[in-house]
Every structure is written in C-alpha cells, then in structure tokens.
Amino acid sequence: MTLESQRAHMLTGRMYNDLTPELVQARQDTVLLTTGYNDSFGRPQAEREAILRRLLRAVGEGCHFEPTFRCEFGFNISVGDHFYANFDCVLLDGGGITIGDHVLFGPRVGVYTSNHAIDAAERVAGGCYAKPVTIGDHVWVGGDVVINQGVTIGAGSIVGSGSVVTRSVPAGVIAAGNPARVLRPITEADRTGYQP
Ligand SMILES: CC(=O)SCCNC(=O)CCNC(=O)[C@H](O)C(C)(C)COP(=O)(O)OP(=O)(O)OC[C@H]1O[C@@H](n2cnc3c(N)ncnc32)[C@H](O)[C@@H]1OP(=O)(O)O
C-alpha cells in the first residue's frame, strides 16, 4: 500500500498497521522537518510559517509553536489563524487534528489521536486505530493537558491544567480534572473590564 492509501485508511478509524515501512519513513521525515522548524526559532515569522506549511495539512496566519514542537506525521493536522502553543507540544495526528482560530495551548500539551490495539498480540503485530480530535475557535488548553482520541472541545472553552480529556467538552465552559469534567459555564461575570 502507498503512504497515501494508508493515510486514507487511518482516517476511517479502522485498525491499521503502525509498523509499515511507509509509516516508519513518514515519521522519520516528520522528525527531520519538526527539527528544522524548532531550529528556525528566532528566524523571521514568514520563514518559520513556510516550514509549517510543508509540515502540516493546513496552517493559518500567525501560527507559532514554541520549541520543542513534535508531531507524528503532520499531514493530518489543520491549524487556524493565530494559534499559539507553548513549550513541548506533542501532536500525534494519525486520526486527524483540527484546531480553530485564536487557540492557545499551555506548555506540554499532548493530543493523542491513536490507540494501540487493546489485545496484546494485535498490539505486537502493529495494530492501531485512530479517531479525530477537533478543537474549536478561542479554546484555551492549560499546561500538561492530555487530549485523547475522538474528543471535540467546543468553541471558547477552557481546559484546566493537568487535565486528561477523554470525552468531548461542550462550548463555553471550564472543564478540568482526570478524567476532565465540566466545572462551570463561562459567563458575563468572567469579564474583568481588562483593556490592553
Ligand atoms: C499559553 C498558555 O496557556 S501558558 C499558561 C498556562 N497556564 C495554565 O495552564 C493554567 C490553567 N489554569 C487553570 O487550570 C485554572 O485553574 C482555571 C482557568 C481552570 C481556573 O478557573 P477558575 O474558574 O478561576 O477556577 P478556581 O481556581 O476558582 O477553581 C474552581 C474549582 O475548580 C478546581 N480546579 C481549578 N483548576 C483545576 C484544574 N486544573 N484541575 C482540577 N481542578 C481544578 C479548583 O480546585 C476549585 O475546586 P473547589 O471549588 O472544589 O475548590
């Protein structure tokens, strides 16, 4: 199978072989590209975004990852405008990761769309399955958060630091904990009157 057909198969959510030469090679190529991006830190924004455009499926304006950014393939990641990820972001994108506009990630956020097979023998044989993660506009994900496969985080929501998100989070709420649960809605009362 070609890399392209394996990529399409992974996106169906069915079991795939994680260990084929094409996927191993793709991961290796991606490490080299992310290393190039991380090493370009301090270079002009346009130059850095050009590397991201080679690496990711889609990338908006003003997208910035602090070092060290790592992803599994990159070709299943879409990022909107004005995305900011703090240090040590890890995106495992076998199942597809879609990030909206004006999204903030704290340090050490991990988005993991793939599971290895639950059955040990299938796992040894490379069995994996992946489901997409979608993060809406204006979401803030706190530091050290893990987002597991199949999760959607609704627009404007906040995920508290250290959370493990295993189920989708609706729009306009604060969610936190392991597993993450909705703590409360975000309301007008959260406005402080701050103006830059
Ligand atoms: C780009 C960048 O992001 S860099 C900055 C990185 N910064 C961070 O990662 C910090 C993220 N901030 C948080 O996690 C904050 O706790 C917020 C935003 C969720 C706080 O929301 P607030 O509504 O102000 O929560 P508050 O501090 O009043 O706590 C309310 C309750 O939620 C609990 N809670 C708050 N945060 C968390 C959390 N991360 N995990 C578990 N429980 C939490 C509190 O313990 C408290 O519980 P209690 O009522 O039983 O005492």
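Per an unreviewed UniProt entry, the protein goes by the name Acetyltransferase and belongs to Paractinoplanes rishiriensis. Database annotation for the protein, UniProt heading Sequence similarities (unreviewed entry): "Belongs to the transferase hexapeptide repeat family."

## Describing the sheet that holds strand S1 (residues 16–17)
Taken in spatial order, the three strands make up an open sheet running S1-S12-S11, and their pairing is antiparallel. Both outer strands of the open sheet, S1 and strand S11 (114–116), are each paired with one neighbouring strand and no more. With three bridges connecting them, S11 and strand S12 (residues 127–130) associate as antiparallel partners. Of the residues in S12, the one forming a bridge with His-116 is Cys-128.

## Description of the packing of aromatic side chains
Here the structure, examined in full by the defined rule, presents six aromatic pairs. With a centroid separation of 5.2 Å and an interplanar angle of 65°, the aromatic rings of Phe-65 and Phe-83 are classed as edge-to-face. A residue pair is termed long-range when its members are at least 10 positions apart, and Phe-65 in strand S3 (residues 64–65) and Phe-83 in the loop between strand S5 (77–79) and strand S6 (84–85) qualify at 18 residues. Both residues of the pair, Phe-65 and Phe-83, count as buried. Ring-pair connections join several aromatic residues into one group, and the members of that group are Tyr-37, Phe-65, Phe-69, Phe-83 and Phe-105. In this structure, Arg-48 packs its charged tip against the face of Tyr-37, placed 4.0 Å from the ring centre.

## Quick word on the site of the ligand
Taken together, 15 residues lie around the ligand, and Trp-140, Gly-143, Gly-160, Ser-161 and Arg-184 are the ones closest in. Gly-143 has a polar backbone atom sitting 2.7 Å from an oxygen atom of the ligand. Here an oxygen atom of the ligand sits 3.1 Å away from a polar atom, N or O, in the side chain of Arg-184. In isolation the ligand has 970 Å² of accessible area, and contact with the protein removes 45% of it. Residue classes in the shell around the ligand are distributed as seven nonpolar, seven polar and one charged.

## Let's talk about the packing of helix H1 (residues 3–10) against helix H2 (residues 21–39)
Where H1 contacts H2, the two axes come as close as 9 Å, and the packing angle between them is 90°. One finds that H1 runs roughly perpendicular with respect to H2. Taking contact as the criterion, the partners of Leu-3, Gln-6 and Met-10 in H1 are, on H2, Glu-22, Leu-23 and Ala-26.

## Quick look at unusual backbone geometry
Along the chain, Pro-67 connects to Thr-68 via a cis peptide bond; the corresponding omega equals 0°. Looking at the secondary structure, you find Thr-68 in the loop between S3 and strand S4 (70–71). The omega angle of the peptide bond from Asn-178 to Pro-179 is -5°, so this bond is cis rather than trans. Looking at where Pro-179 falls in the secondary structure, it is placed in the loop between strand S19 (173–176) and strand S20 (181–185). Positive phi is not limited to glycine here, since Arg-108 has a value of about 60°.

## Let's talk about the sheet that holds strand S16 (residues 152–153)
The sheet built from five strands is open, its strands ordered S2-S5-S8-S13-S16 with parallel pairing. Among the strands making up the open sheet, the edge pair consists of strand S2 (58–59) and S16. Relative to S16, strand S13 (residues 133–135) runs parallel, the two being bridged by two bridges. Each bridged residue has a counterpart across the sheet, and for Thr-134 the counterpart in S16 is Thr-152.

## Structural notes on the packing of H2 against helix H3 (residues 45–55)
Packing of H2 against H3 leaves a shortest axis separation of 9 Å and a crossing angle of 165°. For the element pair H2 / H3, the angle class is roughly antiparallel. Considering only the axes of H2 and H3, their crossing is left-handed. Contact with H2, carried on its side by Thr-30, Leu-33, Thr-34, Gly-36, Tyr-37 and Asn-38, involves Arg-48, Ile-51, Leu-52, Arg-54 and Leu-55 of H3 and no other residues of that element. Along the lines of polarity and charge, the residues of the contact of H2 with H3 split into five nonpolar, four polar and two charged.

Reading the values: the criteria
Residues numbered from 1 in each chain as written. Predicted model: local features only at pLDDT ≥ 70, side-chain atom pairs only at ≥ 80, totals over all residues. Heavy atoms only, no water. UniProt positions renumbered as here; feature names shortened; annotations may be inferred. Pairing = 2+ DSSP bridges. Helix = DSSP H or I, 4+ residues; strand = E, 2+ residues; numbered from the N terminus. Phe/Tyr/Trp six-rings, centres within 6.5 Å; stacked < 30°, edge-to-face > 60°. Buried < 20%, exposed > 50% of the residue type's maximum accessible area, 1.4 Å probe, protein only. Lys NZ or Arg CZ within 6 Å of the ring centre and 35° of its normal. Near = heavy atom within 4 Å. Polar contact = N/O pair within 3.5 Å; in protein donor to acceptor, adjacent residues only side chain to side chain. Areas by Shrake-Rupley, 256 points an atom, 1.4 Å probe, with all protein chains shown as cover. Nonpolar A, V, L, I, M, F, W, Y, C, P; charged D, E, K, R; others polar. Axes fitted to C-alpha atoms, helices over the stretch in contact; angles between N-to-C directions. Parallel < 35°, antiparallel > 145°, perpendicular 65-115°, else oblique. Contact = heavy atoms within 4.5 Å. Left-handed = near helix turned anticlockwise from the far one by under 90°.

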